[in-house]
Structure formats: C-alpha cells, structure tokens
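Observations on the three-dimensional arrangement
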Amino acid sequence: MNLDCFHCGEPVPNGINLTTSIENINQPMCCIGCQAVAQTIVDNNLTDYYRFRSAPAQKGEVLIPEQLQRNKILDDESLQNEFAYYHDGFKETILTIEGISCSACAWLIEMQIRKLAGVNNINVNATTQRATVQWQENQVKLSEILSLIDKIGYHALPFKASTAEKANKKQAKNFIKRLGISGILMMQVMMIAFGLYFGAFADMAEYNIQYLRWASLFLTLPIVSYGAFPFYKSAFFALKARQLSMDVPVSIAISLAFLASVWATFTQQGEVYFESVSMFTFLLLIGKFLEFRARSRAADISANLLKLMPMTATKIEQGIERFISATHLKADDIILIKPGETIPADCEIITGTSQINEAMLSGEQLPLHKTTLDNLYAGTINGDGNLTAKVSHSNQESFLSQLIRLSESAQSHKPKLAQLSDKIAQYFVALILVVAIATAIYWSQHQPAEAFWITLSVLVVTCPCALSLATPTALTCATTRLNREGIMIKSAHVLETMPEIEVMAFDKTGTLTTGEFTITAVKTYGAFADKNTPYGQQQVLAIAAALEAHSAHPLAKAFSQFRDFSQTATQVVVAPGAGISGEVNNQHYRIGKNSWLLSHNDNSAQCVLMQDDNLVAEFYLHDGLREDAKALIDFLHHENIKTVMLSGDHQQGCDKLQAKLHLNSVQADLSAQDKVNAIKLQQASHAVAMIGDGVNDTPVLGAAHLSIAMGSGTDIAKSGADVILLNNKLKGVQTLRQVSLNTARIIKQNYLWAFSYNAIVLPLAVMGYIAPYMAVIGMSASSILVVSNSLRLLKK
C-alpha cells in the first residue's frame, strides 16, 4: 500500500520509513526535509497549521506559518552545521539575496550590515546576487543579520543552488508579467496619443477629448503603480537607509511626469504626458529585464559547482543500508556508492573498483580508474562499479565545499579601481539631482514649455549602475571560466597580479616533470653491521621505503611498491627539501639528496641511503617531462616573461631538462631557504610568480607575489598557493595568463564606456538635445553593454 507524505502530499518512496508524531499520531514523511520541517512545526506548538491549511506544503521548501520566526530557526546549531562553517575564528556562510537590481543595492547592503556589532565582514556580489558574511556568534546571531537585510528591503537565505534557481525563475516570471501588462497598456495609450497628436480627433467635441485623457490616465495607472513598483521600492529603502541609488532619480522622473499629467487632466489645463510615461516605464523595464537575464546567466554558470552537492547518501550501519542526508555524514562513516550515483562526500574506497568522472572539478573529461585505498571527492560521479567507502571528513570540509567558498571569495573581490568607482557612484546620484534642479531652474526661466522634459531627461539619462557593474560582472565571468578549465583561484588578487608578472619560477620535480618517478638502477655498498652480510637490493629498497613512507615528496612514491610492513621507521625527522632520517631495525639511516649526505658530490644518483656515515646505496630514478611544459615555456618567452628553474635536484639532472626546455636561468642543488632567497632576489626588480607542487614548496610559494600549485587532491584550504591547477596541467598557467589579461582589458573597456557615456550624455541632456525616450534607451543600453561585454569572458 502506497502512502502519501503528510506534509507535502507526494508519494512516499519504497524503502523510506520516516515519520513525525503530530497530535499523537505517527504521520508518514517522504524525505528528511519534510520530516525536519514537520518536526519544527510540532516543536513550536503550531500543529494548527495542518488542521487549517488549504493545500499541502511544497516538497523540500520550508513553508511554515508566519507565526514561526523563520530567521530564528536558522540560529539552531545543528541546522547551521549544514550551511555555515568556521573560518579564522568567525562563523561564515554564503547567502542568496533576492531583490538586488544593481551594484548600488549590493553597496547599500554592505554598508548597513557592516554597522552591525559582531559582523566581521560582508561581501555582496551583485552579479550572482550572493553574499559571503562572517560574524562573531557570541556577539550577533545570523537571524539578526537576515532580519536587518529584510528591513532594508531585501530577502536573504542560506544559499542553495536549487533554491536560487527557483528564485531566479520566479523573478523572471514577475519581470515578464510587469512587461506584459505595461506593454499592452502602453500600446493603448500610444494609440490614443497618436490620434490626438495627428488630428484624428480634431472634429471631436471637447468633452470627448477629455474622456480620452481620462481613459489614458486609467490605462497608465497600472503601468506607473504595478509596472514601476520595483523602482519605487528600491528608492524607498535606499532613502530609508539615508543613501541614494539610481532608482531615486528614476522614481522621481516617473512620479513627476505622471502627477503633472494627472493635474493637467483634472484642471483641463496644460499638456498630458501619459504616453511618454508609459513608454518611459516600459523601456526601463525592458532594460532591467535584459540586464537581469545577462546577470542571471553569469550567476547560474558560477553556481554549477553548488549544483554538484549531493542531497542524499546510502549509509551502512551494522550491515544495514539506510538513506540519510549527505550533510549528516561524519568522518569514518561507511557508505555505499552505486553505479551512476553522485559521490556524497570525500572518502576512501574500502572495496570495489570503478571509473570516476571528475570533469566537474578538474575539467578532465576522461574517467579515472579508482580502486581500493584511492580517494574520491564529493560531487564527482561514479561510473560502472559498486563501491564501499569510508568518509574522510564532514561535508563542510570536503574538497568541493572548499572550492565553492574560495570561488565566492574570488568573485567578491574588488580591485582598487572598483573601490574607487563605487565611491564615485555613491556621489554621482547626488550630483544628478543637483544638476537636475539647476537645469529645471534655468530652463523654466528661458523656455518654460521645455523645462519639464529636459529635467526629466537629466534625471534618467546618466547611469552610475554601469560604473558599479564594470568589475563584478567581469570577475564573476572570469572566475567561472577558469573553474570550467580546472583552475581554482584561492586568493582574490590573482586576476589583478597575473598580468603584471615578469618572472615565472618553476620547481622541477612534479612541476616541469610528471613527478611519477621510477627506479631505474640501484647500487649497494657495504654490509649489515649486525650480520656482516652484504646489503642486497631488496633489503635497501625496503629500508628506503620505510623511511620514504613519511615523506610527501613525489620522489617518495617510487619506493612505495617496495614497502615491507614488517619494517617500520621510528624517530623520523624530515629535512624539507633535503631528505629523511630515522631508525630502522635499530639502525640509524638517512636517505635524501647526495648533496645533503655526501661531502663529495661527484655522482649522478638522485638519492642515496646512508647508515650512520657509511654509504649504503645509490638510487637512480627517472622522471619524465610533462608533455605541455615546452609549449608553456615557449608561450612565456613570447610574452617576454623570464623563466627560471629553482630545483633541489643535482645539476646534471637539471641540465638535461634545460637542454629540452631552454629556460632563461637554472639553479640546482637548492635547499628550501635557497629557493626563498632566490625568489626574494628576483622580487627586488620584478613581479615574480612561483609554480610548485603545493606541498614541499610551501615556503617558496609564500615568498612569491603570485603562487601556483599543481594537482588536485591536496587540502587546498591549507595549501599556501594562490592558484590551484586542479587539472594538474601546465597549460592551465597559459589559460590563467590569457584570461587575466582579457579580464583586465574588459574591465578597462567597461570603465571607459561607463565614464565616457556619462561624461558625454549629461551635458547634452542639460542642453536639451536628448529626448526622454532616448535617455531611457541610453541608460538601459549602458548597463546591458557592460554586462554583455563581460559575458565574452565565458567564451573560449
């Protein structure tokens, strides 16, 4: 027998056994979401909702009665664990904000929320309509932040990609409704106006002409009330917060024109402007709608990462499978991942093999073969195998969650030029109002008949929105494009700094080379001190493997296949960039670079093993050149960027690589401190970028102006790099350089257009050369052009 969910009315899937006790009766629930909402209603003694509701609630949405204070529910610690996290001692979350129409709205929200005690920082992205907020939870509650956002006329909720998509669709429908009603009524008003202007009603009695004016008034009323309502609302809340937005002069212009026409109709004196007000409002709505569509496209694409977040998981407890919310998974939970399912958390395979599609994280389309002990990442897709895996950490600490947070941070960054333009935009609206008043006074004395229309044009023609949109739209599109290519920006300054780079420094192992070492030869020396028997290859490889198991260096992986787990290393000490020492079988061994261990560095072995001060073995390893290394070096030389190799490897190995790549400079046998000193020396006269493996090069990466780390799978939150190449390909550096240059160029183009447009049209409007309808078209076109220009960054 199929049951229906008591909360939303949808059928309960087979295998789901969820209930909530409502008025002492266990009622069936179809999912965890409905169960949580129903339980919240019960806990707050609001079960009357179920008795008096006229229809079931929508599935997956928290449709709770108004008495239930929605914002305060979000202060619940267990609920916050699903969308908030700790960062630098502060609580942090991403919010989606409805009602943002331009960057002035974003600025207004930032200014108001930053005044709230306990809020550390807030960055609002007008393009994506999202905000990243940090707060001290013992000083201010999240509900207070959300309530203040509501108070200034916007609506905020913790961000979910599906919810934001629904909100965008709802907003688009509202736009279309306003456009449809305004457009249809405008045409009727225009028909009447054309008849009056061109003498079609010349033979009509005066009272019939007055009737047509009254008809125009009533036809225009829905346009200026319903159609123009978003402009009034935005202007009202801006003025309430003692700020000025572009909607203030627009609202003044619409209101003045309509009220003047109403007065003329009542008194039967003067001209009526209903057709102009109707067309004016309709054109404004078209402009806003086109801008909204362009911004929504950028926001939707940038939200693709969030859409990868899985909703449910199959957890195995005592051999029994049960469905749970993916957000409830904890470290060491055992989960089952079936073919075709999205992997719900970062985990390690216990049993099974499969092909995993990681294209959404790395940009690499070919599936990867994964087997026992391999790592899997939340949001990637399982191919054709059944996998049992152990969860590595909670959902909020997953690789995908880190990517999402870093992506939002990079998109919210405002370069110095953007900060300056935001300040200009703040005062620009005030300047427009002052100029409009002066224009009205001047023309009323010289040509009173034209004064009203010229003032109207001045109020509308300028566009500070284009100034404010110039940077955020470009940064959002650039970051989204880089994410698609498997390039993750961690630091906000990257797109600013990359075009200025003059020197590119490379680590050798794992960066210019693949980092996948193979041992080609082993030479052994001496004998075991306690057995007096010569060292054999298998014995020295096992000793080396026991020591190298404690290293994260790419070279250490070559020894893993020779690991003998009966031999373990104790008292291990890692010398960064040099080697490892420790006790194996009660004997003290050291393994590492020959320059570190041998006083006479006259052999070509990449690695040597010492027992006390005696040479035990030499290991010769091969590491292949990356297939895209030569192409990148050639590209950098073409861009007049100096290339430098900083390697801890011996000179002979570096010279072999140099013969293939032809870098400008090569430095070998360097310690970690030597590399830092080399970077600092270059920094004295150049902007320097460093590319390394992200683990062993942490001090060097921190020293450079810009740091880039290779490969996915490392903990990117702890990595010191500014950029992570998730696709593990050097061509990502070329893409980053090209996108950074294009972004800088497009931002400059946006500002050039915005400043030039405003500088040209304002004097022309004051002199009476721009009609109101031309002013509306120009203002809308200015914003649309800026957003459309930025969207070009999404194209390859």
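Bear in mind the structure is a predicted one, so any value in this text is a computation, not a measurement. (Residues numbered from 1 in each chain as written. Predicted model: local features only at pLDDT ≥ 70, side-chain atom pairs only at ≥ 80, totals over all residues. Heavy atoms only, no water.)

Next up on the list: the overall build of the chain. Each helix and strand in the chain was counted, giving 27 helices and 29 strands. Every one of the 796 residues in the chain was classed for burial, and the buried ones make up 53%. Carbon and sulfur atoms provide 56% of the accessible area of the chain, an area that totals close to 36,100 Å². (Helix = DSSP H or I, 4+ residues; strand = E, 2+ residues; numbered from the N terminus. Buried < 20%, exposed > 50% of the residue type's maximum accessible area, 1.4 Å probe, protein only. Areas by Shrake-Rupley, 256 points an atom, 1.4 Å probe, with all protein chains shown as cover.)

What follows is about the packing of aromatic side chains. For any pair of aromatic rings, geometry is given as the distance between the ring centres together with the angle between the planes. Under the definition given, this model contains seven aromatic pairs. With 5.5 Å between their ring centres and 90 degrees between their planes, Tyr 442 and Trp 443 make a pair best called edge-to-face. Residue Tyr 442 is classed as partly exposed on the basis of its relative accessible area, which comes to 44%. We classify Trp 443 as buried; its relative accessible area is 12%. Judged by centre distance (5.1 Å) and plane angle (90 degrees), the rings of Phe 559 and Phe 619 are edge-to-face. Within this pair, whereas Phe 559 is found in the loop between α20 (537–548) and β20 (569–575), its partner Phe 619 is found in strand β24 (residues 614–622), the two being separated by 60 residues in sequence. Under the relative-accessibility criterion, Phe 619 is labelled buried at 0%. Put simply, the rings of Trp 214, Phe 218 and Phe 266 touch in pairs and so form one group of aromatic residues. Just above the ring of Tyr 226 sits the side chain of Arg 178; from NZ or CZ to the centre is 4.6 Å. (Phe/Tyr/Trp six-rings, centres within 6.5 Å; stacked < 30°, edge-to-face > 60°. Lys NZ or Arg CZ within 6 Å of the ring centre and 35° of its normal.)

Here we take up a nonpolar patch on the surface. Together, Ile 760, Leu 764, Met 767 and Tyr 769 make up a nonpolar patch on the protein surface, roughly 420 Å² of accessible area in all. Looking at the secondary structure, you find Leu 764 in helix α26 (residues 731–766). (Patch = residues over 30% accessible without salt bridge, like charges linked within 9 Å, V, L, I, M, F, W, Y side chains within 5 Å. Salt bridge = Lys/Arg side-chain N within 4 Å of Asp/Glu carboxyl O.)

With that settled, consider the sheet that holds strand β8 (residues 312–317). Reading across from one edge, β9-β8-β10-β16-β11-β14 is the order of the six strands in this open sheet, with antiparallel pairing throughout. Two strands lie at the open edges of the sheet, namely β9 (320–325) and β14 (375–376), each paired on one side alone. In this structure, strand β11 (residues 347–351) lies alongside β14, joined through two bridges in antiparallel fashion. Its bridge partner lying in β14, Cys 347 is registered against Leu 376. (Pairing = 2+ DSSP bridges.)

The subject of this paragraph is the side chain of Lys 315. Inspection of the secondary structure assignment puts Lys 315 in strand β8. If sequence neighbours within four positions are ignored, Lys 315 has contacts with Ile 320, Glu 321, Arg 322, Ile 324, Lys 330, Asp 333, Ile 334 and Ile 335. (Contact = heavy atoms within 4.5 Å.)

To continue, consider the sheet that holds β20. Read from one edge to the other, the open sheet built from six strands follows the order β19-β24-β23-β22-β21-β20, with strand pairing classed as antiparallel. This sheet does not close on itself; its edge strands, each paired only once, are β19 (518–524) and β20. Strand-to-strand twist across the sheet, computed as the mean angle between neighbouring axes with direction ignored, equals 20 degrees. Relative to strand β23 (residues 607–611), strand β22 (residues 587–592) runs antiparallel, the two sharing four bridges. From the neighbouring strand, Gly 592 faces β23, where its bridge partner is Val 608. In the packing of α20 onto the sheet, the strands contacted are β19, β20, β21 (579–584), β22, β23 and β24, and the crossing angle to β21 comes to about 110 degrees. (Axes fitted to C-alpha atoms, helices over the stretch in contact; angles between N-to-C directions.)

Turning to the nonpolar core, a few remarks are in order. Within the largest apolar cluster, 51 residues are counted, with the highest numbers of intra-cluster contacts made by Met 504, Phe 506, Leu 512, Val 723 and Val 733. At nine residues, the largest contribution of residues to this core is made by helix α17 (residues 464–484). Ignoring anything within four residues of it in the chain, the contact list for Phe 506 reads Thr 511, Leu 512, Leu 632, Ile 633, Leu 636, Thr 643, Val 644, Met 645, Leu 646, Leu 663, Met 690 and Ile 691. Ranked by size, the runner-up nonpolar core spans 50 residues in total, among them Phe 258, Val 435, Leu 459 and Val 761. (Core = buried A, V, L, I, M, F, W, Y, C linked by side-chain atoms within 4.5 Å.)

Take the pattern of salt bridges next. Opposite charge on two side chains lets them pair, provided their charged atoms get close. Within this structure, the stated rule accounts for 11 salt bridges. Between Asp 333 and Lys 315 there is a salt bridge whose closest N-O contact spans 3.6 Å. Note that Asp 333 is positioned in the loop between β9 and β10 (334–337) and Lys 315 in strand β8, a separation of 18 residues in sequence. Taken as a pair, Asp 333 and Lys 315 share a single burial class, namely buried. For the salt bridge of Glu 317 with Arg 322, the shortest nitrogen-to-oxygen distance reads 2.7 Å. The exposure class of Glu 317 is partly exposed, given its relative accessible area of 32%. Take Arg 322: its relative accessible area is 39%, and that puts it in the partly exposed class.

Residue classification places Asp 333 among the buried residues on the basis of a relative accessible area of 9%. Spatially, the C-alpha atoms of Asp 333 and Lys 390 are 5.7 Å apart, while their sequence positions differ by 57 residues. In this structure Asp 333 touches Lys 315, His 328, Ala 389, Lys 390 and Val 391, once residues within four positions along its chain are discounted.

What follows concerns the pairing of strand β18 (residues 503–506). In β18, alternate side chains face the same way, and those of Val 503 and Ala 505 on one face and Met 504 and Phe 506 on the other are all buried. Pairing of β18 with strand β25 (residues 642–646), which is carried by four bridges, proceeds in the parallel orientation. For Ala 505, the partnering residue across the bridge sits in β25 and is Val 644. Note: β18 against strand β27 (residues 688–692), four bridges, orientation parallel. Bridging from a neighbouring strand, Met 504 pairs with Ala 689 of β27.

Confidence in the prediction for the chain averages 79 pLDDT; 81% of positions are at 70 or higher. Note on residues 60–69: pLDDT is under 50 here. Beyond four places in sequence and across chains, it has 17 contacts. (pLDDT = per-residue confidence, 0-100.)

Bringing the packing of helix α8 (residues 206–227) against helix α10 (residues 247–267) into the picture now. As a packed pair, α8 and α10 sit with axes 10 Å apart at the nearest point and diverge in direction by 155 degrees. As summarised for this structure, α8 and α10 are arranged roughly antiparallel, according to the angle between their axes. Where α8 crosses over α10, the handedness of that crossing is left-handed. The residues of α10 that touch α8, namely those facing Gln 210, Arg 213, Trp 214, Leu 217, Thr 220, Leu 221 and Val 224, are Ile 254, Phe 258, Val 262, Ala 264, Thr 265 and Phe 266. Of the residues belonging to the contact of α8 with α10, the class tally is nine nonpolar, three polar and one charged. (Parallel < 35°, antiparallel > 145°, perpendicular 65-115°, else oblique. Left-handed = near helix turned anticlockwise from the far one by under 90°. Nonpolar A, V, L, I, M, F, W, Y, C, P; charged D, E, K, R; others polar.)

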